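This is what each chain is made of:
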Amino acid sequence: MDSILSKYKTTKESEVTTWFKAAAVADFSENGGACVKYKNKQIAVFNFKRKGKWYACQNVCPHKLEMVISRGMLGDDRGIPKIACPMHKKTFSLETGKNLNGDVDALAIYPVKIENDFVYIGFSN
Amino acid sequence: MKTIIVVGNGMVGYKFCQRFVEKEESKNYKLLVFGEEPRPAYDRVHLSEFFKNSDAKALEMAPRSWYKEHNIELITNERVTDIHRSKKTISTINERDYSYDYLVLATGSSPFVPPIKGVEKKGIFVYRTIEDLEGMLAYADKIKAKNPNAKAAVLGGGLLGLEAGKAVMDMGLEPHIVEFAPKLMPRQLDIRSSSVLQMTLEAMGLNIHLSKITSQILGDDCITGMEFGEDDELAVDMLVISAGIRPRDELGKTCNLEMGVRGGIVVNNKMQTSDPNIFAIGEVALYNQMIYGLVAPGYEMANVAVEQILKNTEVLMSAEIDMSTKLKLIGVDVASFGEPFMPTSKGHSILFEDKTKGLYKRINVSHDSKTLLGGILVGDASDYNILHQILLNNMTLPNNVEELVIGPREGGGGSPFGSAMDLPDSAQICSCESVTKGQVCNAIEDETCVSFSDIASLTKATTGCGGCKPMVVELVNQTLKSLGKEVKDIICEHFEYSRQELYGILKIKKITSYNEALDSCGKGDGCEICKPLVASIFASLYNDTANKEDVIQDSNDKFLANIQRNGTYSVVPRIPGGEITPEKLIVIGEVGKKYNLYTKITGGQRIDLFGAKLNELPAIWKELIDAGFESGHAYGKSLRTVKSCVGSTWCRYGMDESVSFAIELENRYKGLRSPHKLKGGVSGCIRECAEARGKDFGVIAVEGGWNLYVCGNGGATPKHALLLAEQIDNETCIKYLDRFLMYYIRTAAPLMRTAAWLDKLDGGIEQLKKVVIDDVLDINAELEKEMQFLVDAYKCEWKEAIENEESKKRFSHFVNSDDEDDNIVFVRMREQVIPASWE
Ligand SMILES: Cc1cc2nc3c(=O)[nH]c(=O)nc-3n(C[C@H](O)[C@H](O)[C@H](O)COP(=O)(O)OP(=O)(O)OC[C@H]3O[C@@H](n4cnc5c(N)ncnc54)[C@H](O)[C@@H]3O)c2cc1C
Ligand code: SF4
Ligand code: SF4
């Protein structure tokens, strides 16, 4: 089971070697999320319109290992942008991936950029 | 200078040393400690943690240097073999003799190995010392190398056996628990709690075999299986024996101390054996004709022995020993405290069981319901600490004792234990983070914290399982109140209003979108608490379906289906009143077959189809809708079902057409969003086959019309609905129901069901009658109008969802691919699919 989690490592923008062209901006609902398939990875991508920002993280929840984070709800915890897992409402910072209301493992976070109305996610090899 | 020799350096022997050196008078004594094990005393209770990192040091009670610093001579790896009472000396295995003035026997116990044929074979272990665990790990590696699907059994389904079972599972072996009794944890659990626990453990992947008497261990040199009787075998590659303990009392026997019939060295309440200079403590001591296999009593014994030796003779062992225990398995809550089984001569038991959720609670109280005597908690032991506190502090119970079991939880209506403020400061409130009541209240009093969230970040209370949250909230609020500070029941950090206040504001300002709400009366970007709450208010105000703003809907509303354990969803078409044609039944069957769904008939007289993948939902619903079905709103805080009996249509007792009326009511209120789910029932006569009084609204046919009952529910807090009106006709019944439901929707707190709402309503059912029937608030015309608007605005949201390409988009698992989620794993049970278990 751990092998699912070990696929995902937080990637800094400076470490990016591949910008994966995921989908058109219009495919993501405002203030909502969707899941992107990249090779054997599932990445949750969020269009946090209220903050004017995009975020990406692993789609698998570190708690029960279900592929569900993209179906979660966006929000903020005293200013920190967060995502609440739909299964048990664990919340995670979208900036650091840290679990904000418990001590489940952190989510791996990936950089996102928008170019010509397309969403790109950054990966490093 | 006098010499005290301590035989045995286990947890209790160590505790004796620690307590002893804390005393000023200890300077006049020399302490000499013998331990048979190679290392200084370690924390046996947390032995299983050794599997995580094989770090024996981390388990040490104190390092060797500690003994030196305190002038204790510790001799490990040396067993004491004899006591010569007349000479007051002992001898050790290395044939050395030492003299003593006082002797303390803390030799603990050893695992009991039943005399089963073949028990000496390789691959059979006991579970007591670090060496045992090292042996198990090495052997497990060996058998796994040969066979990746190797199996291990644990003999004994007690507290320790279950811990051992989890340990072998974590080692990557297929775990089996074999228990001789017909139940698990026979000393702590009754038969019903055992079966609830069994279901939970099986779901985790532990295989449980009860009522099995092992007659023989199979295999040549190494174990290959266990035989229980003729033709009843279990193939296993390893066995851990956890069949109870036997006191290590051999020293007492050889020197003729008084012994128990079944072993153990007899002690009095000073921990003295039959020889006043020899004390026995811990698991070797037989006190009150009992061996106590827990550390807490052992520690108390150590303390008593210290005081007695130092002549503080008034310190005696408690007459009653608390045997409360909480199983420390990850993922399973089990606790047993006080007297878990109690004869009816002593008091009553209050029981609650919900196998669907793996919950069982039993609370034993005295005949006058004033005193807590003990209990059992399975599935949710979050109340263990507080119940245990009540027991230990002998506190008087609240009037409604049943609330200790079923709890007025809904709507966060405070603690069932009277006020949490009545607890002593030392009471542990948050068991996950070990936070006491004193820590919470003091932090508020000295102004380190000014709110619940401050307390949560400072003390970490509530951040674990969260079970203590209602209590912590109450402590924070009560303490703030006592300091004269204002406490507001606000929704969350984004909206500083109660639900009822926000409902009023949104209605008056005619706000229709979430962003507008946030901008005009909230702050920040919202969260998982306020978003669904605002969505629910919009639905109640405008009957907006969940399609309108899917991103603020609770996950289940967003996808118009309940998310299940493995990330798949359930599909529940509406079957009003439970009446369905054979043709439609066939459609459901065909759909279930086509999409390989697990089907089950629900208590609400309809059919749940489980295991649909997100991307399959639109196609499944299209087929159902084409056949004339509608959404059943099983996912929403909204009307679920109106259950009915066949009534006068078929039943010879029937007084009226209960099915027709149930269908009419269900169709009228379908899609109605409310603070919590709503259920109804209609029975054709007072025999009440539809269980209508267990619903939020229930209608029963009587001579001359219908009786209308409101505010009942089943579930965790069962309540019978109360009579609102008698002998009324269909039209009046609907009128009263419109008013009642709308009044509830307007004024209830989020997630508060009608029963809890009525509890809170000043004046209760009598007041409700005044409002709904006599219109004392002069709002009925308005309530009826609002309800009629909602009824007219009804749309099947599934139909709406699949007819719109844009809103269908959210049902694909990936934005950039049509692939399905390949992470979903099903297994089969009784010819249907179910999710593979978690971990
Ligand atoms: C896996 C496991 C989990 C447990 N979990 C819990 C729990 O959750 N809660 C709880 O309350 N209890 C638990 N227990 C029980 C608890 O560990 C015991 O109650 C406690 O350790 C008893 O302490 P003791 O000092 O009496 O005996 P021990 O810890 O057994 O110490 C006795 C020591 O004396 C030594 N000794 C024996 N004879 C001689 C001799 N002749 N000469 C020299 N040395 C000798 C032994 O080698 C041993 O080191 C658990 C036990 C195990 C094994
Ligand atoms: S709350 Fe948890 S189980 Fe749970 S799926 Fe999420 S992160 Fe998960
Ligand atoms: S409630 Fe009365 S009418 Fe309905 S099925 Fe039962 S006996 Fe018949």
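Heads up: the structure comes first, above all this text.
The following refers to the structure shown. (Residues numbered from 1 in each chain as written. Chains lettered and ligands numbered in written order. Predicted model: local features only at pLDDT ≥ 70, side-chain atom pairs only at ≥ 80, totals over all residues. Heavy atoms only, no water.)

## Some remarks on the packing of helix α14 (residues 499-508) of chain B against helix α16 (residues 530-542) of chain B
Residues and elements named next belong to chain B. Going by this rule: An axis is simply a line fitted to the C-alpha atoms; with a helix, the fit covers only the stretch in contact. Between two such axes, the angle follows the N-to-C directions and lies from 0 to 180 degrees. Here a strand is any run of E in DSSP of at least two residues, a helix any run of H or I of at least four, and the numbering for each starts at the N terminus. Between 65 and 115 degrees an angle is taken as roughly perpendicular, under 35 as roughly parallel, over 145 as roughly antiparallel, and anywhere else as oblique. Crossing chirality is assigned from the near helix's rotation relative to the far helix, an anticlockwise turn below a right angle marking it left-handed and a clockwise turn marking it right-handed. Here a residue-residue contact requires only that any non-hydrogen atoms of the pair lie within 4.5 Å. Only Asp, Glu, Lys and Arg are considered charged in this grouping, and only Ala, Val, Leu, Ile, Met, Phe, Trp, Tyr, Cys and Pro are considered nonpolar; every other residue, Gly among them, is considered polar.
At a minimum axis separation of 10 Å, α14 and α16 run at an interaxial angle of 55°. On the basis of their axis angle, the class for α14 and α16 is oblique. Crossing hand, α14 versus α16: right-handed. Only L533, V534, S536, I537, F538, S540, L541 and Y542 of α16 make contact with α14, whose side of the interface consists of R499, L502, Y503, L506 and K507. Residue classes in the contact of α14 with α16 are distributed as nine nonpolar, two polar and two charged.

## Describing the pairing of strand β5 (residues 89-92) of chain B
All names here are of chain B. Operational definition: Relative accessibility thresholds used throughout: buried, under 20% of the residue-type maximum; exposed, over 50%; partly exposed, between the two (1.4 Å probe, protein chains only). Should DSSP find at least two bridges between two strands, the strands are regarded as paired.
In β5, alternate side chains face the same way, and those of T89 and S91 on one face and I90 and T92 on the other are all buried. Pairing analysis gives three bridges linking β5 to strand β6 (residues 97-99), with the strands arranged antiparallel. Among the inter-strand pairings, T89 is bridged to a residue of β6, identified as S99. The turn linking β5 back onto β6 is made up of four residues, and E95 within it adopts a positive phi angle of 60°.

## A few points about the sheet that holds β5(B)
Residues and elements named next belong to chain B. If you trace the three strands from one edge of the open sheet to the other, you get β4-β5-β6, paired in antiparallel fashion. Edge positions in the sheet fall to β4 (80-84) and β6, since each of these pairs with one other strand and no more. Ignoring strand direction, the axes of neighbouring strands in this sheet form an average angle of 25°.

## Concerning the nonpolar core
Residues and elements named next belong to chain B. Under the convention used in this document: Each nonpolar core is a collection of buried residues, namely Ala, Val, Leu, Ile, Met, Phe, Trp, Tyr and Cys, held together in the definition by side-chain atoms within 4.5 Å.
Formed by 66 residues in total, the largest nonpolar core has its most connected members in F495, L506, L665, Y669, F740 and L768. Take this core: its biggest share by element is ten residues, from helix α21 (residues 730-747). Sequence-distant contacts of L506, that is, excluding residues within four places in its chain, are made with I511, A517, C521, V534, I537, F538, L541 and Y542. If you look at the next biggest cluster of nonpolar residues, it comprises 57 residues, including A41, L74, I75 and A305.

## Digging into the site of ligand 3
The following threshold applies: In these notes, residues near a molecule or strand are those with any non-hydrogen atom within 4 Å of it.
Surveying the vicinity of ligand 3 reveals the residues C645(B), G647(B), C651(B), Y653(B), G654(B), G684(B), C685(B), R687(B), E688(B) and C689(B). The residue inventory of the shell around ligand 3, partitioned by class, reads five nonpolar, three polar and two charged.

## A few points about the layout of surface pockets
Over the atoms rolls a probe the size of a water molecule, and its path tells where empty space is left. Note the following rule: Both cavities and pockets are sets of points on a 1 Å grid over the protein atoms alone; in a cavity a 1.4 Å probe fits but cannot get out, in a pocket the set is open with protein on both sides within 12 Å along at least five of seven lines, and lining residues sit with an atom within 4 Å of a point. Grid points are joined across faces, edges and corners, and a volume is the space filled by probe spheres set on the points.
Volume-wise, the second largest pocket comes out at about 430 Å³. Taken together, 23 residues make up the lining of the second largest pocket; nearest its centre are D27(A), S29(A), E806(B), K809(B) and R810(B). Of all the secondary-structure elements, those providing two or more residues to the lining of the second largest pocket are β2 (32-38) of chain A together with α26 (805-808) of chain B. Residues belonging to the lining of the second largest pocket are distributed by class as follows: eight nonpolar, eight polar and seven charged.

## Description of the interface of chain A and chain B
Convention followed: Accessible area, probed at 1.4 Å, shrinks when two parts are joined; the buried area is that loss added up over both.
With 45 residues of chain A at the contact, the number on the chain B side is 42 residues. Regarding the contact of chain A and chain B, the summed buried area is about 3500 Å², with carbon and sulfur atoms giving 47% of it. Three residues, R50(A), R71(A) and M73(A), lead the burial of chain A against chain B; their summed loss comes to 25% of the area buried on that side. Breaking the side of chain A that touches chain B down by element, the ones donating at least two residues are β1 (18-24), β2, β3 (41-48), β5 (73-77) and β6 (80-84) of chain A.

## Some details on the sheet that holds strand β4 (residues 53-58) of chain A
All names here are of chain A. Judged by pairing direction, the sheet is antiparallel, and its four strands sit side by side in the order β2-β3-β4-β8 without closing on themselves. Two strands in the sheet have a free side with no partner beyond their single neighbour: β2 and β8 (109-110). Looking at chain direction, β2 and β3 are connected through seven bridges and run antiparallel. Each bridged residue has a counterpart across the sheet, and for A34 the counterpart in β3 is V45.

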